[in-house]
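A structural walkthrough
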Amino acid sequence: MPTRRRFLLSMAGLAATLKSIQVAHAEDAAVFGVSVPLSGSMAEFGRTWRKAQTVAVEEINEAGGIKGRKIELVYEDSQGDPKQTVAIAQKFVDDRRILAVLGDIPTPAIMAASPVFQKARMVQMSMGSHPDLTKAGEFIFANQMSQRQIAASLATIAVNRLGKTQAVLYRNTDWGKVVQSIYVEKLKELGGQVVLADSYLETEKDFRALLAKVRAAKPEVLVLIAYYTDGALLVQQAKQAGVESKIIVSEACYSPQFMKLGGDAVNGVLTQTLFFPEAGRPDIQKFVAGYRAKHNEEPDFFASIGYDGVKIMAWATERGGFSREGIQQALLKGEGIPSVTFGPFKFNEIRRVGVGALAPIVVRDGKFRLLN
C-alpha cells in the first residue's frame, strides 16, 4: 500500500475514534448550562453560585449521577450584562449537549435571554423575583418567590419592628423600581408614610447629596432597595452623614460581602431571608456541612438558591428523561420538588415558587443573626 494511502486511512481511523469518544462523552453526561456574572461588579453572586453548585454536582455524581450518568455544568460569564446573556443563550440552545439552563442572576440579564430559550423550547430557570419574569413563556421558570410577596414582607417587618415614617432609596433599574413600587404600596396599606422616595444609578459611588435629603426628612426608618455593593456603601455614608434613622435593606444585601464592605457601620441593620444556615431542617444541615467542608465558609441565600438549581434540574431529568421537553414537563407537573431554601414544593401557575417563609435577620457583631 502506498505510503500516502496508508496515511489517509490512518487519519480517517483516528477521526472516527475521536468522534466516537465525543459521542460517548455526550451520551455519558447530563450537561446543563449556567449563565452567571463571574466578573464585573456582580461577580460575587456568580462565584457564590458556582461554589454551591460544585457541592451539588459532587453530591449527585458521588451518589451515582442521574440514572448512571454524571452531571456536568458548562459556565459562561455574562458579567450581568443583558447583551451578553442573549449571546450566551443562543450559544446554549445551539449546543445539543445542553439539556437546560440555570441563570442568569440580575433581572434585566435574565429577561433579555428568556425569548431565546422560549423559542428554542429549552428550560431557563433563574432566581429572579421580578413579577413579570416568567411571562416570556412556558419554558421559563424561577426557583424564587415574586417580589409581590418579598417586598411586601420587607415592608411589614419594617413597620412592625422599626417605625412608620420612612425614606426609601432604590436602584434606578427595572428591579429597583418594581420593588420600590410594591414596597410603598404595602407600607401605605399598613398605615405607614413615605417622607422621601428617591433613586440612584447602579454605578453611583457618592451618595452624600441623596443622604442629605434623608437627614433633612428625619424618617424613623431608612429603607435601601439595593444590592450588597451599593447597600454597604449607602449605610457607611449614611452614618458619616449623620443620618440617625434605623436602617432596613433588601434581601439582596444578605451576603458576607455586605459586612466585609460595610464594616462596623452595618451593625444593627435589618434585612430578611428565605434561607438561614442555622435552621434545623436535616436537608439544610446537610447542605451547610457540605458547603463548609468544601469552602470553609457559611453559605448564604444565593448559595442555597444556586445549590437548589442543580438539584432541581437533576430531579426533573430523573423523572422527565434526558430531553429538553421532558425536563420542562417534569417541572410543570412535579410535586415535592427538593429545595433547601423552601422545602419540598411545586411550581405554581406562573412557574415560580409560590410559598416561602421570610425570616427577619439583623447584623450583630459582624454576623447575620435571626431575630425572634
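Residues numbered from 1 in each chain as written. Predicted model: local features only at pLDDT ≥ 70, side-chain atom pairs only at ≥ 80, totals over all residues. Heavy atoms only, no water.

**Let's talk about the overall build of the protein**
Selection criterion: Numbering goes from the N terminus for both helices and strands, where a helix is a DSSP run of H or I of at least four residues and a strand is a run of E of at least two. Atoms counted for the radius of gyration: C-alpha only. Globule rule: 2.2 Å times the number of residues to the power 0.38. Note on exposure labels: buried denotes an accessible area under 20% of the residue type's maximum, exposed denotes more than 50%, and partly exposed covers the range between, all computed with a 1.4 Å probe on protein chains only. Contacts: residue pairs with any heavy atoms within 4.5 Å of one another. For the area figures, the Shrake-Rupley method with a 1.4 Å probe applies, and any residue is considered shielded solely by the protein chains shown.
The helix and strand tally for the protein stands at 12 helices and 12 strands. Relative to the globule expectation of 21 Å for 372 residues, the C-alpha radius of gyration of the protein, 23 Å, shows essentially globular dimensions. Reported as C-alpha extents along the three principal axes, the dimensions of the protein are approximately 95 × 40 × 40 Å. For the protein, the proportion of its 372 residues judged to be buried stands at 55%. Summarising the internal contacts of the protein: among those between residues at least 6 apart in sequence, 68% fall at separations of at least 24. Carbon together with sulfur atoms contributes 52% to the accessible area of the protein, which is approximately 16,300 Å² in total.

**A short note on the sheet that holds strand 1 (residues 29-36)**
Here is the rule we go by: Here, any two strands with at least 2 DSSP bridges between them count as paired. Geometry is summarised by axes, namely lines fitted to C-alpha atoms with helices restricted to the contacting stretch, and by angles between N-to-C directions that run from 0 to 180 degrees.
Sheet architecture is open: five strands sit in the order 2-1-3-4-5, paired in parallel fashion. Each edge of the sheet is formed by a strand with only one pairing partner; in this case those strands are strand 2 (70-77) and strand 5 (140-142). When strand polarity is set aside, the average angle formed by the axes of neighbouring strands in this sheet is 25°. Of the strand pairs in this sheet, strand 4 (residues 124-126) and strand 5 are connected by three bridges, and their pairing is parallel. In the strand pairing of strand 5, Q124 is matched with I140.

**Quick word on the layout of surface pockets**
Note the following rule: In this analysis the probe radius is 1.4 Å and the grid spacing 1 Å, with only protein atoms considered; a cavity is a set of points the probe fits into but cannot get out of, a pocket is an open set with protein on both sides within 12 Å along at least five of seven lines, and lining residues have an atom within 4 Å of a point. Grid points are joined across faces, edges and corners, and a volume is the space filled by probe spheres set on the points. Basically, the charged four are Asp, Glu, Lys and Arg, the nonpolar ten are Ala, Val, Leu, Ile, Met, Phe, Trp, Tyr, Cys and Pro, and anything else, Gly included, counts as polar.
Of the pockets and cavities examined, the largest pocket occupies roughly 430 Å³. Around the largest pocket sit 22 residues that line it, and S41, M42, R171, E202 and Y227 are the ones nearest its centre. Tallied by class, residues from the lining of the largest pocket come to nine nonpolar, eight polar and five charged. Considering only enclosed or pocket space, the second largest pocket measures out at about 330 Å³ in volume. In terms of residue count, the dominant contributor to the lining of the second largest pocket is helix 11 (residues 301-320) (six residues). Classifying every residue of the lining of the second largest pocket by side-chain character gives nine nonpolar, three polar and six charged.

**Details of the pairing of strand 2**
As judged from the eight bridges shared by strand 1 and strand 2, these two strands associate in the parallel manner. The partner of A29 across the bridge, within strand 2, is K70.

**Some thoughts on the environment of A43**
With respect to the helices and strands, A43 occurs in helix 2 (residues 43-62). What makes A43 buried here is its relative accessible area of 4%. For the pair formed by A43 and A289, sequence separation is 246 residues and the distance between their alpha carbons is 24 Å. Excluding its chain neighbours within four sequence positions, the residues that come into contact with A43 are P37 and L38.

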